[in-house]
Amino acid sequence: LRHHQLPLHVDARLNERKSGMDGLPVHAFNDQVKLDPLHFKTATGESFLEQMERVRSFLDELAARHPHGKILAVSHENPIIAALALSVPDASSVI
């Protein structure tokens, strides 16, 4: 990016979903999410719908700050799926 003189900005709203199950095997979280993909959350985690709102906040801010600009955003799998879910009438159709 430096030789293109492009600024790099890090934004936590593009972080992976907060599982609230740090230190446990990934399958422990995934097995529980399968029961209710949109709403499941642990006491210290976030639901997919909450993650969608976090990603929406980021995208809305970008659109307002750069209405005619080209943006490169790099993220993790779940925030990308959340962004896709924001573009369809039924979020459950993409998860």
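Chemist: Any chance you could break down the nonpolar core for me, citing the residues and the numbers?
Modeler: Listed in full, the 8 residues of the largest apolar core are Leu38, Phe48, Met52, Val55, Ile81, Ala82, Ala85 and Ala91. Leave out the neighbours within four places in its chain, and Ala85 touches Phe48, Met52, Ala91 and Val94.

Chemist: Help me get a handle on the side chain of Ser19, residues and values and all.
Modeler: Position of Ser19 relative to the elements: it lies in the segment before helix H1 (26–33). In this structure Ser19 comes out as buried when scored by relative accessible area, which is 15%. Here the side chain of Ser19 touches Met21 through a polar contact of 3.0 Å, landing on its backbone nitrogen.

Chemist: If you had to explain helix H3 (residues 77–86) to someone new, which residues and values would you point to?
Modeler: Here H3 has its buried residues at Pro79, Ile81, Ala82 and Ala85. Projection of H3 onto a plane perpendicular to its axis shows the buried side chains occupying an angular sector of 160 degrees, all on one side. Where H3 is buried, its residues touch helix H2 (48–65).

Chemist: Any chance you could break down the pattern of salt bridges for me, citing the residues and the numbers?
Modeler: A side chain with one charge may pair with a side chain of the opposite charge, provided their charged atoms come close. Within this structure, the stated rule accounts for 7 salt bridges. In this structure, Glu46 and Arg54 form a salt bridge, with 2.3 Å as the shortest nitrogen-oxygen distance. Accessibility assignment for this pair places Glu46 and Arg54 in one class, buried. A salt bridge links Arg56 to Glu53; the nearest nitrogen and oxygen atoms lie 3.1 Å apart. Placement of the pair is Arg56 and Glu53 together in helix H2, with a separation of 3 residues, close to one helical turn. Of the residues examined, Glu53 reaches a relative accessible area of 43% and is grouped as partly exposed. One salt-bridge network, held together by shared partners, links Asp11, Arg13, Glu61 and Arg65.

Chemist: Go over the environment of Pro67, please, and point to the residues and values.
Modeler: Locating Pro67 in the fold gives a position in the loop between H2 and H3. You can call Pro67 exposed: its relative accessible area is 57%. Here the alpha-carbon distance between Pro67 and Pro89, two residues 22 residues apart in the chain, equals 24 Å.

Calculation notes
- Residues numbered from 1 in each chain as written.
- Predicted model: local features only at pLDDT ≥ 70, side-chain atom pairs only at ≥ 80, totals over all residues.
- Heavy atoms only, no water.
- Core = buried A, V, L, I, M, F, W, Y, C linked by side-chain atoms within 4.5 Å.
- Buried < 20%, exposed > 50% of the residue type's maximum accessible area, 1.4 Å probe, protein only.
- Contact = heavy atoms within 4.5 Å.
- Helix = DSSP H or I, 4+ residues; strand = E, 2+ residues; numbered from the N terminus.
- Polar contact = N/O pair within 3.5 Å; in protein donor to acceptor, adjacent residues only side chain to side chain.
- Arc of directions from axis to C-beta.
- Salt bridge = Lys/Arg side-chain N within 4 Å of Asp/Glu carboxyl O.

Bear in mind that shape data such as this cannot, by itself, settle questions of function.
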